[in-house]
Amino acid sequence: MKNKLIKSVYLAGTMAGLKDLGAGWRSALKPKLLRLGIESFSPPENESFIVDKYHCNPFDLNTNWQKYSDKLRKAIFTDIIKLDLEFIRDKADAIVCYYTKPSVGTVSELTWAHMLGIPNYVVNGSGERLPGWVLACVTKEFKTFESLNRFLRKVNNVGQRNKKRETETKSNTLRCVS
């Protein structure tokens, strides 16, 4: 079966308990994806509306959640879940997940995508076998971001598209000169 061209991905992975909410690996991966013609949705970046709407910092909400009422936390996470799952449903051609440890949100996103028939590409950074629930949702597992990048390059036929573009440009130039 041929893989479908990927234009947009959702970047899933553990955020809870991480000081940067997992923004580091996502920020490092985004330019590499762009070079392959792939746009990405990064929850740490796209959930910044929390600051404006609820007047709280997502990083603080993550690390000092005890100081927030359940009512406020429920409202915030309802908005986050809606934003994330709508993007997956409406815009994602695939999920790219960096799995390092169990995460309710990550498993929910992988399951949602799996149920919608959206491929889940998982880089396993845990050093262990994936839990059964995660494994059942995985389309393809990778050990490194480099191997994921090679796979996405092949799926999007990046090298071939560039060669074809160069050939077309040369051909058009010759026609203009003739």
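Everything below is about the structure printed above this text.
Draft legend 1. Up close: the overall build of the chain. Secondary structure summary: the chain contains 9 helices and 5 strands in total. What you see in the chain, going N to C, is helices and strands ordered as β-α-β-α-α-α-α-β-α-β-α-β-α-α. By the burial criterion, 39% of the 178 residues in the chain qualify as buried. Nonlocal contacts in the chain, meaning residues at least 24 apart in sequence, comprise 64% of its contacts between residues at least 6 apart. A total accessible area of about 11000 Å² is found for the chain, and carbon and sulfur atoms account for 57% of it.

Draft legend 2. Quick peek at the side chain of Ser40. In this structure, Ser40 sits in strand E2 (residues 39-41). In contact with Ser40, other than residues within four places in its own chain, are Val9, Leu11, Lys30 and Leu33.

Draft legend 3. Representation of the pairing of strand E3 (residues 94-99) within the structure. Here E3 lies mainly inside the structure; 5 of its 6 residues are buried. Alignment of strand E1 (residues 8-13) against E3, held across 5 bridges, turns out to be parallel. Within E3, the position partnered with Leu11 by the bridge is Val96. In this sheet, strand E4 (residues 120-124) lies alongside E3 in parallel orientation, the contact comprising 5 bridges.

Draft legend 4. Summary view of the pairing of E1. The buried count for E1 comes to 6 of 6 residues, which makes it a mostly enclosed element. Along E1, one buried face is formed by Ser8, Tyr10 and Ala12 and the opposite face, lined by Val9, Leu11 and Gly13, is buried too. Of the strand pairs in this sheet, E1 and E2 are connected by 3 bridges, and their pairing is parallel. The residue bridging Ser8 from the neighbouring strand is Glu39, located in E2. For the crossover from E1 across helix H1 (residues 23-35) to E2, the handedness is right-handed.

Draft legend 5. Focus on the sheet that holds E2. Strands sit in the order E2-E1-E3-E4-E5 across an open sheet of 5 strands; the sheet is parallel. The outermost strands of the open sheet, each flanked by one partner alone, are E2 and strand E5 (140-142). Taken pair by pair, the neighbouring strands of this sheet meet at an average axis angle of 25°, ignoring direction. As defined by bridge partners, E4 adjoins E5 across 3 bridges and the pair is classed as parallel. Looking across to E5, one finds that Val122 is bridged to Glu141. Along the sheet face, H1 touches E1, E2 and E3 and points at about 160° away from the line of E1. Where helix H5 (residues 70-90) meets the sheet, its contacts fall on E1, E2 and E3, and the angle it forms with E1 comes to roughly 140°.

Draft legend 6. How the structure looks around the environment of Leu34. Here Leu34 is to be found in helix H1. Of the residues examined, Leu34 reaches a relative accessible area of 47% and is grouped as partly exposed. Considered as a pair, Leu34 and Lys7 are 27 residues apart in the sequence and their alpha carbons are 9.3 Å apart.

Draft legend 7. Structural context of helix H6 (residues 104-116). Along its 13 residues, H6 runs 18 Å from first to last C-alpha, staying within 8% of the 18 Å computed at 1.5 Å per residue. Taken residue by residue, H6 has Thr106, Glu109, Leu110, Thr111 and Ala113 as its buried positions. Packing partners of the buried residues in H6 comprise E1, H5, E3, E4 and helix H7 (132-137). One or two residues past the end of H6 sits Gly117, with phi positive at roughly 80°.

Draft legend 8. Here's a closer look at the packing of aromatic side chains. Taken as a whole, this structure holds 9 aromatic pairs when the rule is applied. A centroid spacing of 6.3 Å and a plane angle of 40° characterise the contact between Tyr10 and Phe87, whose relative ring orientation is tilted. Residue Tyr10 is located in strand E1, and its partner Phe87 is located in helix H5; the two are separated by 77 residues in the primary sequence. Among the residues examined, Tyr10 registers a relative accessible area of 0% and is labelled buried.

Parameters at a glance
- Residues numbered from 1 in each chain as written.
- Predicted model: local features only at pLDDT ≥ 70, side-chain atom pairs only at ≥ 80, totals over all residues.
- Heavy atoms only, no water.
- Helix = DSSP H or I, 4+ residues; strand = E, 2+ residues; numbered from the N terminus.
- Buried < 20%, exposed > 50% of the residue type's maximum accessible area, 1.4 Å probe, protein only.
- Contact = heavy atoms within 4.5 Å.
- Areas by Shrake-Rupley, 256 points an atom, 1.4 Å probe, with all protein chains shown as cover.
- Pairing = 2+ DSSP bridges.
- Right-handed = clockwise from strand over helix to strand, strands pointing away.
- Axes fitted to C-alpha atoms, helices over the stretch in contact; angles between N-to-C directions.
- Expected span 1.5 Å × (residues − 1).
- Phe/Tyr/Trp six-rings, centres within 6.5 Å; stacked < 30°, edge-to-face > 60°.

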